[in-house]
Amino acid sequence: MFDAYQFLKMKPIVLLLAISALFASCGSDQTVTYSLKDVAFTAEGPLFEGPNTMQYELTNSLSDSLKAAGFTIEQLEKVQLKSASFSTSDSLGFGAFNSIALQLAAENTPMVSAAIINPIPAGAKNTDLTISKEA
(Lines give C-alpha, C1' and ligand atoms only; values in the text may rest on other atoms or scores of the structure.)
Protein backbone atom coordinates (compact mmCIF):
# COMPACT_ATOMS: atom_id res chain seq x y z
CA MET A 1 0.00 0.00 0.00
CA PHE A 2 1.27 3.48 -0.92
CA ASP A 3 1.72 5.73 2.12
CA ALA A 4 1.61 9.39 0.99
CA TYR A 5 2.83 10.63 4.36
CA GLN A 6 6.01 8.49 4.18
CA PHE A 7 6.57 9.62 0.56
CA LEU A 8 6.29 13.30 1.53
CA LYS A 9 8.75 12.75 4.37
CA MET A 10 11.20 11.21 1.88
CA LYS A 11 10.65 13.88 -0.76
CA PRO A 12 13.40 16.22 0.57
CA ILE A 13 15.84 13.30 0.57
CA VAL A 14 14.88 12.37 -3.02
CA LEU A 15 15.21 16.02 -4.04
CA LEU A 16 18.60 16.28 -2.35
CA LEU A 17 19.82 13.12 -4.10
CA ALA A 18 18.56 14.42 -7.45
CA ILE A 19 20.34 17.76 -6.96
CA SER A 20 23.54 15.97 -5.90
CA ALA A 21 23.40 13.78 -9.00
CA LEU A 22 22.89 16.89 -11.15
CA PHE A 23 25.91 18.63 -9.65
CA ALA A 24 28.01 15.49 -9.93
CA SER A 25 27.16 15.14 -13.61
CA CYS A 26 27.91 18.82 -14.34
CA GLY A 27 31.38 18.82 -12.81
CA SER A 28 34.13 16.92 -14.53
CA ASP A 29 37.82 16.80 -13.86
CA GLN A 30 39.94 18.51 -16.46
CA THR A 31 43.66 17.94 -16.70
CA VAL A 32 46.21 20.48 -17.83
CA THR A 33 49.65 19.07 -18.53
CA TYR A 34 52.54 21.31 -17.60
CA SER A 35 55.94 20.18 -18.84
CA LEU A 36 59.28 21.61 -17.89
CA LYS A 37 61.93 20.51 -20.38
CA ASP A 38 65.53 21.28 -21.20
CA VAL A 39 66.37 23.03 -17.94
CA ALA A 40 70.12 23.55 -17.83
CA PHE A 41 71.94 23.13 -14.52
CA THR A 42 75.64 23.80 -14.33
CA ALA A 43 77.71 22.23 -11.59
CA GLU A 44 81.05 24.02 -11.43
CA GLY A 45 83.79 22.93 -9.09
CA PRO A 46 85.03 22.52 -6.71
CA LEU A 47 82.33 20.03 -5.77
CA PHE A 48 82.81 18.65 -2.30
CA GLU A 49 82.08 15.20 -0.97
CA GLY A 50 78.57 15.16 0.42
CA PRO A 51 75.52 17.14 -0.70
CA ASN A 52 75.98 19.80 -3.37
CA THR A 53 73.07 22.03 -4.31
CA MET A 54 72.03 23.20 -7.76
CA GLN A 55 68.99 25.44 -8.00
CA TYR A 56 66.69 26.54 -10.77
CA GLU A 57 64.13 29.32 -10.45
CA LEU A 58 61.10 28.70 -12.60
CA THR A 59 60.12 31.79 -14.59
CA ASN A 60 57.47 30.25 -16.87
CA SER A 61 54.91 29.88 -14.15
CA LEU A 62 52.16 27.32 -13.80
CA SER A 63 49.60 30.12 -13.60
CA ASP A 64 50.59 31.24 -17.13
CA SER A 65 49.97 27.73 -18.46
CA LEU A 66 46.64 27.51 -16.64
CA LYS A 67 45.60 30.90 -18.04
CA ALA A 68 46.48 29.76 -21.57
CA ALA A 69 44.22 26.73 -21.04
CA GLY A 70 41.36 28.94 -19.80
CA PHE A 71 41.73 28.33 -16.05
CA THR A 72 42.73 30.36 -13.01
CA ILE A 73 45.10 29.34 -10.22
CA GLU A 74 42.11 29.37 -7.84
CA GLN A 75 40.54 26.50 -9.82
CA LEU A 76 43.60 24.32 -9.28
CA GLU A 77 42.80 21.38 -7.03
CA LYS A 78 45.79 19.08 -7.39
CA VAL A 79 49.27 19.07 -8.86
CA GLN A 80 51.01 15.77 -9.46
CA LEU A 81 54.55 15.04 -10.62
CA LYS A 82 54.42 12.33 -13.28
CA SER A 83 58.12 11.94 -14.14
CA ALA A 84 61.54 13.44 -13.58
CA SER A 85 64.69 12.63 -15.49
CA PHE A 86 68.18 14.04 -15.78
CA SER A 87 70.74 13.76 -18.54
CA THR A 88 74.27 15.00 -18.98
CA SER A 89 76.35 15.85 -22.01
CA ASP A 90 79.56 15.79 -19.98
CA SER A 91 82.01 13.04 -20.94
CA LEU A 92 82.11 11.93 -17.29
CA GLY A 93 78.36 11.32 -17.20
CA PHE A 94 77.17 11.11 -13.62
CA GLY A 95 80.44 9.54 -12.50
CA ALA A 96 81.03 12.22 -9.87
CA PHE A 97 77.55 11.80 -8.38
CA ASN A 98 76.15 9.08 -6.13
CA SER A 99 72.53 10.20 -6.11
CA ILE A 100 70.18 12.92 -7.27
CA ALA A 101 67.30 14.25 -5.17
CA LEU A 102 64.72 16.62 -6.64
CA GLN A 103 63.07 18.96 -4.15
CA LEU A 104 60.43 21.54 -5.01
CA ALA A 105 59.65 24.74 -3.14
CA ALA A 106 57.24 27.62 -3.66
CA GLU A 107 56.03 30.66 -1.79
CA ASN A 108 53.80 29.85 1.19
CA THR A 109 54.32 26.09 0.85
CA PRO A 110 56.76 23.69 2.48
CA MET A 111 59.56 22.13 0.45
CA VAL A 112 58.61 18.74 -1.02
CA SER A 113 61.03 15.89 -1.67
CA ALA A 114 59.66 15.05 -5.11
CA ALA A 115 61.96 12.41 -6.60
CA ILE A 116 65.24 10.57 -6.06
CA ILE A 117 67.66 8.12 -7.59
CA ASN A 118 70.18 6.42 -5.34
CA PRO A 119 72.53 5.02 -6.50
CA ILE A 120 72.92 6.32 -10.03
CA PRO A 121 73.83 3.40 -12.32
CA ALA A 122 77.52 3.34 -13.27
CA GLY A 123 78.22 4.98 -16.62
CA ALA A 124 74.74 6.50 -16.93
CA LYS A 125 74.28 9.60 -19.06
CA ASN A 126 70.49 9.61 -18.66
CA THR A 127 68.55 8.65 -15.56
CA ASP A 128 64.92 8.55 -14.44
CA LEU A 129 64.17 9.41 -10.84
CA THR A 130 61.69 7.57 -8.63
CA ILE A 131 58.75 9.82 -7.83
CA SER A 132 57.88 10.06 -4.12
CA LYS A 133 54.34 9.43 -2.91
CA GLU A 134 54.00 12.98 -1.55
CA ALA A 135 54.90 14.47 -4.93
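Just so we're clear, the structure is a prediction, and the values are computed from it rather than from any experiment.

**So, a nonpolar patch on the surface**
Logical step 1: A cluster of nonpolar side chains, Leu-36, Phe-41, Met-54, Tyr-56 and Leu-58, forms an exposed patch at the surface whose accessible area comes to about 450 Å².
Logical step 2: Within the fold, Phe-41 resides in the loop between α1 (4-26) and α2 (62-68).

**Concerning the sheet that holds strand β5 (residues 130-131)**
Logical step 1: Pairing in this open sheet of three strands is antiparallel, and the strands run β2-β3-β5 from one edge to the other. The sheet terminates laterally at β2 (100-106) and β5, the two strands that pair on one side only.
Logical step 2: In terms of strand pairing, β2 meets strand β3 (residues 109-117) through six bridges, oriented antiparallel. Note on β3: the bridge partner recorded for Leu-102 is Ala-115.

**Description of the confidence of the model for the protein**
Logical step 1: In the predicted model, the protein carries a mean pLDDT of 74, and the fraction of residues at 70 or more is 78%.
Logical step 2: When the elements of the protein are averaged for pLDDT, α1 gives the smallest value, 38, and β5 the largest, 94.
Logical step 3: Within the model, pLDDT remains below 50 along residues 1-26, and this stretch shows one contact once partners closer than five positions in the same chain are excluded.

**Some thoughts on the pairing of β3**
Logical step 1: Between β2 and β3, which pair antiparallel one after the other, the connecting turn spans two residues, and Asn-108 there sits at a positive phi close to 60°.
Logical step 2: As defined by bridge partners, β3 adjoins β5 across two bridges and the pair is classed as antiparallel. What sits directly across from Ala-115, in β5, is Ile-131.

**With respect to the nonpolar core**
Logical step 1: One finds Ala-84, Phe-94, Ile-100, Leu-102, Ala-114, Ala-115, Ile-117, Ile-120, Ala-124 and Leu-129 forming the largest nonpolar core, which totals 10 residues.
Logical step 2: Of all the elements in the fold, those that place two or more residues in this core are β2 and β3.
Logical step 3: Of all the elements, β3 adds the most residues to this core, at three residues.
Logical step 4: Excluding its chain neighbours within four sequence positions, the residues that come into contact with Leu-129 are Ala-84, Ser-85, Phe-86, Ile-100, Leu-102, Ala-115, Ile-116 and Ile-117.

Analysis parameters
Residues numbered from 1 in each chain as written. Predicted model: local features only at pLDDT ≥ 70, side-chain atom pairs only at ≥ 80, totals over all residues. Heavy atoms only, no water. Patch = residues over 30% accessible without salt bridge, like charges linked within 9 Å, V, L, I, M, F, W, Y side chains within 5 Å. Areas by Shrake-Rupley, 256 points an atom, 1.4 Å probe, with all protein chains shown as cover. Salt bridge = Lys/Arg side-chain N within 4 Å of Asp/Glu carboxyl O. Helix = DSSP H or I, 4+ residues; strand = E, 2+ residues; numbered from the N terminus. Pairing = 2+ DSSP bridges. pLDDT = per-residue confidence, 0-100. Contact = heavy atoms within 4.5 Å. Core = buried A, V, L, I, M, F, W, Y, C linked by side-chain atoms within 4.5 Å. Buried < 20%, exposed > 50% of the residue type's maximum accessible area, 1.4 Å probe, protein only.

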